[in-house]
Amino acid sequence: MGMSAEDESAASPRDEEWPEAEKAEKLARGAALKWASGVFYRPEKLEGLGHYRRRETQRNNSIQSRLKSTVQSYLEGVSAGLEQLRSAAQEVQGVCQDLGAARWALLDSADHFQGLQQMRKLMEEHVQLASVVQVLPQIFSVHEVFSHILQLLHGQHLLEAHVELMMVEQLRDDILSQLHIRGLSGAQATVLSYFSGLQDLNESLAKQLWDIVGSSLRLVREDPVLFVTAVRIIEREEKIDDTLLLEATFLPPGRPKGWRQKFYQVLQDTITGARFHAPRMDAEGPGLAKHLAALQKDIVSELRVVKDLMVQCVPDHYNILSVCTATYHQALTSHLQEILREDLDKQGLFLLLEWALRVYHSPEMMGHPDLLPEVDVSALDPLMSSELVDQTERRYVMKVKASVFEWMQRTLEVEFKEWFREEEPETDHQGFFQSALPAIVMQMLNENIQVASLITDSLQQKIYNMALEELEAFLGRLREALVQCGKEHQQDRAVPKYYIPHLLAVLNNNLALSNSVSSLHPDTACKEVPGSLQAALDRMQKKATQLLLEELLLDLQPLCLQLPSRKWLSGSQLVGSMCEVIDKYAKDFSRARKPVFTLLLAESELLVTNQYLRALLQRKMVCKSREERGQLCHRLLQDATQLRELFCGLGLERGQQSLEAVFALRELICLKDPALLSLEVMGFITKYPDVRLRGACHQSLGGLQREDCQWAERCARLMALAGVPADHHRIPLLRRLLDQPVLGRHSCPLQLQVRSDASPHRCHSQGQGLRASWASLSGTRVSPKGLSSPGLPPQPSPWWLPLGPSCPWLPQCCSHPGCWLDTCP
């Protein structure tokens, strides 16, 4: 299916002219070959070759006919366009010829126009002269019009006066405008001099207008005609100003007047000056309250007048109600700041805060039903900024703090004087001692907190924090006063006469304060007491308890000094006398409320136990025989049982008592088997690690730690009590165990029980293992190599520390008053 040589030669010029045609033809031939190879790849398909050829021939003919018709239509359109361009060119050429003829005609007539120029000038002069002749009567009557306008102003016929004034101004402005257009600036001064009275009339009219605007609130209620007249005149002048500003060719003298803006300024100055620029008022107490009440009443009344009456007298675009509301708001903001610059008392600061934050937005003022919904100050800035509110609140808190301190100090002075009166403190309906101090203090603090809650939550929280700080400081001063009272009582126990009842009243007062603190919190559901305040309450309770126990100790010490003794061992009623003293004090303690009473009983029992054990361990008496040891055990059992029954009868449960240490000591002394003595001593001291005396063990035990010395000392005291000679003591180096019960478990405040922090000691002994011998309770000795009791084989001993007679086991008595605890400094 290739092409012949003639076809290629014929196609080459076209290909040179149209290079894309060659590429398109090659692509078409390639596509045709691909199609033919796919159709005629089988011999039997060649029979349809004629059919395919005819079909393709028909398709080519159809395509060629469409192409011919398309080309023919394009050629026809090109012919029509060429014809239109030819006719347009001919018309343009005709127009050019006509314009040339017109130009030559105008050039020929130019000489005739020169003669009309003089005629034009004469015409203009004629028109000007005619205008001057026309206004001459008005110009000559200007001064007469001035006099008439002045009469109208005096008669308050403002509209008529303003009409004539506008006519004179219009005449003057027209003359000045013509002079300005013609550049005759020198003549303007003559015109202004001729119309000089016009400025005085304008000022007189303006003065009357601003007087009317200044009295607008009164006039709209009595006679709104004058106010409406003033507004109409202002609007006329405002329109004249707008017209002259739009033309912007010539502005006459005194324009623009801007009387609408002046109207707003005068109105604002009137509002501000009438209420807020008055002479300085009394800025404290009732004077400030009256001033704020008058402001509240007047502002609401005047805004109601503006809303109901003045709005109807002015155009809507004046927004007179919004302008007046904003003016009052801004004036009040500045006025309150001026008042706050004064040294206000707490009442004045509270009045300002309450008025600005609560009253101002309430239905009593800006939220008044007669003002809503047109008056809305929520879109304006706050009357007092947040910084100013915070600053004012802090000033108020400082004033309240000073007042609270003063009142608390007076209350403390009165309370201190009450302690020295010759009568018991007052009692409540249950017979408990008390005073008015808790009620006065809590009422004072609670009232201040409740008053602050009327303002803001932040002020209430500030007052609450201040109240807790002042209450804590007050408790410290009360404690100092109690210490002072105790010192005076130490000098003379008869002063004050009712010392113990007043101490009990102090404890009851302290408990009442502790129970009432949570009621001060703004959140009633919160019952937590701050830690520092709780610590102050605990210190106060501890000091009062200490003073009471010092009194008890002073009465018990003479009896405890007789323990132990042969007289006591033989049946003396020393413990009975102690019980009488304790029972007497318990009757006094019963006038304290139950938690305080329980605490006093527990501390009293602890005191008695400590004094009893201390007296026994003072090494005043040594058992010389088994009979004496038996008497000692019997006496200990009787005394401990009697004391326990006494305290149980008073209401102190056995689990709260520490007398078990006396029973344990009695069991130790009653021990008959000397082989078990060391173990029992170790068990006793381990169970009651705080049963000890301070001794000077720095001679033979100088290399040991302080706690080891005290440990050895306690063991020596117990064995001395059991009758073991001092020159044969063998003291075990033992260590305390964790979480052992101690005698001091009651010496803690009611609100918090603290466990004894007993940590194990490190062993520093570098000695070697020794065999120990213990003296029997009857004074017999055993071999150092082992225990020689009948029936008992020699047993290995624990580590021992030998103590010789060179160690002075003399107790160092503490001189601190009321030192019944081993924790005494």
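Undergrad: Looking at this model, I keep getting lost on the overall build of the chain. Mind explaining?
TA: When its secondary structure is counted, the chain shows 26 helices and 2 strands. Taken across its 825 residues, the chain has 41% of its residues classed as buried. Long-range contacts, defined as pairs at least 24 residues apart, comprise 75% of the intrachain contacts of the chain with a sequence gap of at least 6.

Undergrad: Explain the state of the cysteines here, please?
TA: In protein structure, a disulfide is the covalent linkage between the sulfur atoms of two cysteines. Evaluated as defined, the whole model comprises 1 disulfide. A sulfur-sulfur distance of 2.4 Å marks the disulfide that ties Cys 633 to Cys 670. Here Cys 670 lies in the loop between helix H24 (660-669) and helix H25 (677-687) and Cys 633 lies in helix H23 (residues 626-650), a separation of 37 residues in the sequence. The exposure class assigned to Cys 633 is buried, which follows from its relative accessible area of 3%. We classify Cys 670 as partly exposed; its relative accessible area is 25%.

Undergrad: Explain the side chain of Gln 296 here, please?
TA: Topologically, Gln 296 is positioned in helix H12 (residues 285-308). Beyond its immediate stretch of four places on either side in the chain, Gln 296 contacts Trp 355, Val 359, Glu 364 and Met 365.

Undergrad: I would appreciate a short explanation of helix H13 (residues 320-340) in the present structure.
TA: The α-helix advances 3.6 residues per turn, and as a result positions three or four apart in sequence lie on the same side. Taking 1.5 Å of rise per residue, the 21 residues of H13 would be expected to cover 30 Å, and the 30 Å separating its terminal C-alpha atoms lies within 8% of that figure. For H13, the tally of buried residues reaches 15 of 21 residues, placing the bulk of the element in the interior.

Undergrad: I tried to follow the nonpolar core on my own but got confused; where do I start?
TA: It is characteristic of soluble globular proteins that their nonpolar side chains tend to be buried jointly. Core analysis: the largest hydrophobic core is formed by 183 residues, its most contacted members being Trp 355 and Trp 568. Those residues in contact with Trp 355, other than ones at most four positions away along the chain, are Leu 292, Leu 295, Gln 296, Leu 332, Leu 336, Tyr 360, Met 365 and Leu 383.

Undergrad: I would appreciate a short explanation of the pattern of salt bridges in the present structure.
TA: Any two side chains of opposite charge can pair if their charged atoms end up close together. Enumeration according to the criterion identifies 31 salt bridges in this entry. Arg 218 is paired through a salt bridge with Glu 222; the nearest N and O atoms lie 3.1 Å apart. Residue Arg 218 and its partner Glu 222 are both found in helix H9 (residues 216-222); the two are separated by 4 residues, about one turn of the helix. The class for Arg 218 is partly exposed, based on a relative accessible area of 40%. Look at Glu 222 and you get exposed, because its relative accessible area is 57%. Note that Lys 399 is salt-bridged to Asp 343, the shortest N-O span being 3.3 Å.

Undergrad: I would appreciate a short explanation of the side chain of Asp 639 in the present structure.
TA: Along the chain, the position of Asp 639 falls in helix H23. Asp 639 has contacts with Trp 568, Val 575 and Tyr 612, leaving out every residue within four places of it along the chain.

Undergrad: Before we go on, may I ask you to explain the packing of aromatic side chains in this structure?
TA: Geometrically, a pair of aromatic rings is defined through the distance of the ring centres and the angle of the planes. Enumeration over the complete set of coordinates arrives at 11 aromatic pairs. Note on Phe 350 and Tyr 396: the rings are 6.1 Å apart at their centroids and 35 degrees apart in plane angle, and the pair reads as tilted. Residue Phe 350 is located in helix H14 (residues 346-359), and its partner Tyr 396 is located in helix H15 (residues 386-419); the two are separated by 46 residues in the primary sequence. The two residues Phe 350 and Tyr 396 agree in class, both being buried. Ring geometry for Tyr 585 against Phe 589: centres 6.2 Å apart, planes inclined by 55 degrees, an arrangement best described as tilted. On the criterion of helical spacing, the pair formed by Tyr 585 and Phe 589 is a turn pair, its members being 4 residues apart in helix H21 (residues 574-589). The two residues Tyr 585 and Phe 589 agree in class, both being buried. Ring-pair connections join several aromatic residues into one group, and the members of that group are Phe 227, Phe 263, Tyr 264 and Tyr 318. Sitting over the ring of Trp 104, Arg 103 keeps its end group 5.8 Å from the ring centre.

Criteria and cut-off values
- Residues numbered from 1 in each chain as written.
- Predicted model: local features only at pLDDT ≥ 70, side-chain atom pairs only at ≥ 80, totals over all residues.
- Heavy atoms only, no water.
- Helix = DSSP H or I, 4+ residues; strand = E, 2+ residues; numbered from the N terminus.
- Buried < 20%, exposed > 50% of the residue type's maximum accessible area, 1.4 Å probe, protein only.
- Contact = heavy atoms within 4.5 Å.
- Disulfide = S-S within 2.5 Å.
- Expected span 1.5 Å × (residues − 1).
- Core = buried A, V, L, I, M, F, W, Y, C linked by side-chain atoms within 4.5 Å.
- Salt bridge = Lys/Arg side-chain N within 4 Å of Asp/Glu carboxyl O.
- Phe/Tyr/Trp six-rings, centres within 6.5 Å; stacked < 30°, edge-to-face > 60°.
- Lys NZ or Arg CZ within 6 Å of the ring centre and 35° of its normal.

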